[in-house]
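Structural overview
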Amino acid sequence: MVEKLMNVKDLKVRFKTEDGHVSTVNGVTFNVNEGETLAIVGESGSGKSVTSLALMGILPPNGEVYEGEMTFNGKNLRTLSKKDYRALRGNEISMIFQEPMTALNPVFTIGYQIRETLIVHYKMTKEQANIRGIEMLELVGIPDAEKVMGRFPHQLSGGMRQRVMIAIALSCNPRLLIADEPTTALDVTIQAQILTLMRNLKEKSNTSIMIITHDLGVVAELADRVIVMYAGEVVEEASVFELFKNPKHPYTKGLMASIPKVHDVVDDLYSIEGTVPNPTNMPSGCKFHPRCPLADVECKRIHPDLEYVSEGHAKRCIKV
Amino acid sequence: MKYFLQNLLKTIPVLLLITLIVFLLVRVTGDPVSLMLPETATDEERESLREALGFNDPLPVQYFTYLSDLVRGDFGESFRYNTDAFALVLERLPATFELAFASMIVAIIISIPLGILSAVKRNSFLDLFITGGAVLGKAMPSFWLGIMLILFLAVNTQIFPVSGRGGLLYLVLPAITLGTGIAAEMTRLIRSSMLEILGQDFIRTARSKGLKEALVVNKHAFRNALIPVVTIMALQTSTLVGGTLITETVFAWPGLGQLLVQAVNLRDMAVVQAATFLIAIFVILSNLIADLTYRLLDPRIKYD
Ligand SMILES: Nc1ncnc2c1ncn2[C@@H]1O[C@H](COP(=O)(O)OP(=O)(O)O)[C@@H](O)[C@H]1O
Ligand SMILES: [Mg+2]
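Residues numbered from 1 in each chain as written. Chains lettered and ligands numbered in written order. Predicted model: local features only at pLDDT ≥ 70, side-chain atom pairs only at ≥ 80, totals over all residues. Heavy atoms only, no water.

In the annotation of an unreviewed UniProt entry, the entry for chain B reads ABC transporter permease, and the organism field reads Psychrobacillus lasiicapitis. The record held by UniProt for chain B lists under Subcellular location (unreviewed entry) the comment "Cell membrane". The UniProt entry for chain B carries this comment under Sequence similarities (unreviewed entry): "Belongs to the binding-protein-dependent transport system permease family." (UniProt positions renumbered as here; feature names shortened; annotations may be inferred.)

For chain A, an unreviewed UniProt entry supplies the name ABC transporter ATP-binding protein and the organism Psychrobacillus lasiicapitis. For chain A, the Sequence similarities (unreviewed entry) comment in UniProt is given as "Belongs to the ABC transporter superfamily." UniProt, in its Subcellular location (unreviewed entry) section for chain A, records the words "Cell membrane".

This is the structure in structure tokens:
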């Protein structure tokens, strides 16, 4: 058994745009261990989705991994043939996306879309795939699963569609499930239901989960370990317990402070001043320094390395 | 089916309007009496023929007579052939259908692969080549293309017959002539529709499931891309009909188009009216069929 299921080292991704190459993931290192849930947190635009698409090998046509290593279960993903990569996708690594409303194909039935993966990877017959499909829909808590198989996506609510996506993603018993903000687009009550569902799945199976979110509430609910991303880099890594108890990086502290407390009125909500820098115009030195309360001249100059402060806890900051 | 019938009923006023317009157009372009009689005929002879054919009645009376004949299926007699105009038109229908059908096949065979290919390879040299070809195909007058094809493939090399209708060999050049313009339009449509669909989230989902790229493109994307293409193509049926007029004339193809062009030149009123009426019905029917196909392709549309 390989302990480190997914190993990412110094991953760099860039896009070809009108202004030339723009690098949006700048040397990300992390691993996902067998059976654990790793959360990736960070504001919008910090490179979380791009990182996960890179791992899946489905970056948009203008994007490419130009440096670094991605190893899954001992296989080098960067040198894997297209055919072998396809055999992994939807099978050993699968993914659910942020937008359940648009993630399913509008012209095919739910049944077709769930059977498809099973037929491709497990070489099932249509009948076998149908039985397994119904089982999967039941597993993710969809009532009337048999009827839903014949429905089209537009006939289901957002929450139901996300359940369908989860059912499809889990249908081939993946070893790694990448969930890219699976609850962000949903109503609060539905968010809670989907989180509970994911929690149950996590407890019942040995599937490793990589959950991407900007919501620390989700992190607390699901994750074992967390990495915090900022401007295409990992700025902090720790176990959930350690991160909440003892956050190091000023950015992480900022994120913590912006979690709404029960008594907070929206106006009082703390938020980190400024925005994530544009990849075409990255600040020198530490990328967070223009927004950092602790920053001084040093920070403008020095780009800090990711350093371990204790076992399993690392930060990218020279001030703490 | 109920939906279909409802729409069929809605087309009756449209048809009535068409009969009126054609009726008026045929009359303002001059009466056929001068062409029917020899040049040596006297004014009295012309006048009595006019009277006998009812051309001296007031227009509303003429239109009413025409309509009441029409509902009985009587379109009048052809001056030229001295036979029932509607029978004459019906007799030409199979030839035109054969040509239109073959042209659509040519257009589909050309446009689907090229449209998909240029979308998948967008902004490449190949895409530029295909898009350029489509512009050219659309801009090229079909009579010119027809004449060039006749010149190079029939007269000079004698691979295909010059004109007329016979076996499959006779069909090739007219079908290419008529099909090219449609193919060009369809290629452009399929390309832009595919480009839009390929950027959608569900395409990323399909890829994330480990499907072959060919399946992602040809099934997941194309099935969606087809929806707008079918609708717009249906609206092009009238262009297709217009094209048959030219193509049939160039290739002496004995179809409805050729008959109509001749009839217009000879002011053979009954034939002109019968032919346009039939063409109108054909265009309306094909729009209805397209509407149904559209509903079949897109599950999001409800029947109501
Ligand atoms: N197809 C693309 N072309 C160019 N830039 C892109 C593309 N996709 C994403 N990016 C850029 O990559 C950066 C990271 O995006 P993303 O990974 O989606 O952030 P998030 O952390 O919110 O998921 C953003 O600046 C975004 O503009
Ligand atoms: Mg994202």
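Below, the discussion takes up the overall build of chain B. Regarding its fold elements, chain B presents 13 helices and zero strands. When the helices and strands of chain B are placed in sequence order, the string is α-α-α-α-α-α-α-α-α-α-α-α-α. Within the structure as shown, chain B displays about 15800 Å² of accessible surface, and the carbon and sulfur contribution to it stands at 69%. Of the charged side chains in chain B, 24 are positive and 24 negative; the average position of the first set lies 19 Å away from that of the second. (Helix = DSSP H or I, 4+ residues; strand = E, 2+ residues; numbered from the N terminus. Areas by Shrake-Rupley, 256 points an atom, 1.4 Å probe, with all protein chains shown as cover. Lys, Arg positive; Asp, Glu negative; His and termini not counted. Charge placed at Lys NZ, Arg CZ, Asp CG, Glu CD.)

Before going further, it helps to spend a moment on the sheet that holds strand S12 (residues 313-315) of chain A. Residue and element names in this part refer to chain A. Spatially, S6-S7-S8-S3-S9-S10-S12-S11 is the arrangement adopted by the eight strands of the open sheet, whose pairing is mixed. Lying at the two open borders of the sheet, with one neighbouring strand each, are strand S6 (93-96) and strand S11 (307-310). For this sheet the average axis-to-axis angle between neighbouring strands, irrespective of direction, equals 20°. Two strands pair when backbone bridges link them, and S6 and strand S7 (residues 176-180) are joined in this way by four bridges, in the parallel orientation. (Pairing = 2+ DSSP bridges. Axes fitted to C-alpha atoms, helices over the stretch in contact; angles between N-to-C directions.)

All names here are of chain A. Once the domains are mapped, chain A shows domain 1 (4-92 + 174-315) and domain 2 (101-173). Placing the centre of domain 1 and that of domain 2 at their C-alpha centroids yields a distance of 28 Å. Across the interface of domain 1 and domain 2, roughly 1200 Å² is buried in total on both sides, 68% from carbon and sulfur atoms. Considering only the side of domain 1, the residues that lose the most area to domain 2 are Pro174, Leu197 and Leu201, jointly responsible for 36% of the buried surface there. Taken together, the links from domain 1 to domain 2 amount to zero salt bridges. Counting across the interface, domain 1 meets domain 2 through three residue pairs in polar contact (both at pLDDT 80 or more). Secondary-structure elements contributing two or more residues to the side of domain 1 that touches domain 2 are helix H2 (82-88) and helix H8 (188-204). The element contributing the most residues to the side of domain 1 that touches domain 2 is H8, with six residues. Residues that form the side of domain 1 that touches domain 2 fall into these classes: 10 nonpolar, three polar and three charged. (Domains from an automatic or database assignment. Buried area = accessible area lost by both parts, 1.4 Å probe. Salt bridge = Lys/Arg side-chain N within 4 Å of Asp/Glu carboxyl O. Polar contact = N/O pair within 3.5 Å; in protein donor to acceptor, adjacent residues only side chain to side chain. Nonpolar A, V, L, I, M, F, W, Y, C, P; charged D, E, K, R; others polar.)

Right, let's get into unusual backbone geometry. Peptide bonds are mostly trans, and most non-glycine residues show a negative phi. Residues and elements named next belong to chain A. For aspartate 10, which is not glycine, the phi dihedral falls at a positive 55°. Within the element layout of this structure, aspartate 10 appears in strand S1 (residues 4-17). Judged by its relative accessible area of 33%, aspartate 10 falls in the partly exposed class. Of note, the phi angle at glutamate 181 is positive, near 45°, even though the residue is not glycine. Note that glutamate 181 resides in the loop between S7 and H8. (Buried < 20%, exposed > 50% of the residue type's maximum accessible area, 1.4 Å probe, protein only.)

Here we come to the UniProt feature "transmembrane region" (unreviewed entry) in chain B. UniProt marks residues 99-120, 141-161, 167-184, 225-246 and 270-290 of chain B with the feature "transmembrane region" (unreviewed entry), using the numbering shown here. Taken end to end, residues 141-161 of chain B is 71% helix and 0% strand, and its two terminal C-alpha atoms sit 21 Å from one another.

With that settled, consider the interface of chain A and chain B. With 27 residues of chain A at the interface, the matching set in chain B holds 20 residues. Note on chain A versus chain B: buried area summed over both sides is about 2100 Å², and carbon and sulfur give 61% of it. Taken as a group, Arg86(A), Pro106(A) and Val107(A) account for 25% of the area that chain A buries against chain B, more than any other trio of residues on that side. Applying the counting criterion to the chain A and chain B interface returns one salt bridge. Where the side of chain A that touches chain B is concerned, the elements lending two or more residues are helix H1 (48-56), helix H3 (100-103), helix H4 (110-122) and helix H7 (158-170) of chain A. If one sorts the elements of the side of chain A that touches chain B by residue count, H4(A) sits on top with six residues. Tallied by class, residues from the side of chain A that touches chain B come to 16 nonpolar, seven polar and four charged. (Contact = heavy atoms within 4.5 Å.)

Taken as a whole, this structure holds 11 aromatic pairs over all chains when the rule is applied. Between Tyr63(B) and Tyr66(B) the ring centres are 6.2 Å apart and the planes differ by 45°, which places this aromatic pair in the tilted class. Placement of both Tyr63(B) and Tyr66(B) in helix H4 (residues 59-71) is noted, with a separation of three residues, approximately one turn of the helix. What makes Tyr63(B) buried here is its relative accessible area of 15%. We note Arg89(A) situated over the ring of Tyr85(A); from NZ or CZ to the ring centre the distance is 5.1 Å. Seen from the ring of Tyr81(B), Arg80(B) lies directly overhead, with NZ or CZ sitting 5.1 Å from the centre. (Phe/Tyr/Trp six-rings, centres within 6.5 Å; stacked < 30°, edge-to-face > 60°. Lys NZ or Arg CZ within 6 Å of the ring centre and 35° of its normal.)

Okay, the UniProt feature "domain: ABC transporter" (unreviewed entry) in chain A next. When the UniProt feature table is mapped to this numbering, "domain: ABC transporter" (unreviewed entry) covers residues 6-256 of chain A. Strand forms 28% of residues 6-256 of chain A and helix 40%; the C-alpha atoms that close the span are 27 Å apart.

With that out of the way, let us pick up the site of ligand 1. All names here are of chain A. Around ligand 1 sit 14 residues in total, of which Gly45, Gly47, Lys48, Ser49 and Val50 are the nearest. Within the backbone of glycine 47, an N or O atom sits 3.1 Å from an oxygen atom of ligand 1. Between ligand 1 and asparagine 62 there is a distance of 3.1 Å, counted from a nitrogen atom to a side-chain nitrogen or oxygen. Its free accessible area being 560 Å², ligand 1 has 69% of it covered by the protein chains. Secondary-structure elements contributing two or more residues to the shell around ligand 1 are S1 and H1. By residue number, the principal contributor to the shell around ligand 1 is H1, which donates three residues. In the shell around ligand 1, the residues fall into four nonpolar, eight polar and two charged. (Near = heavy atom within 4 Å.)

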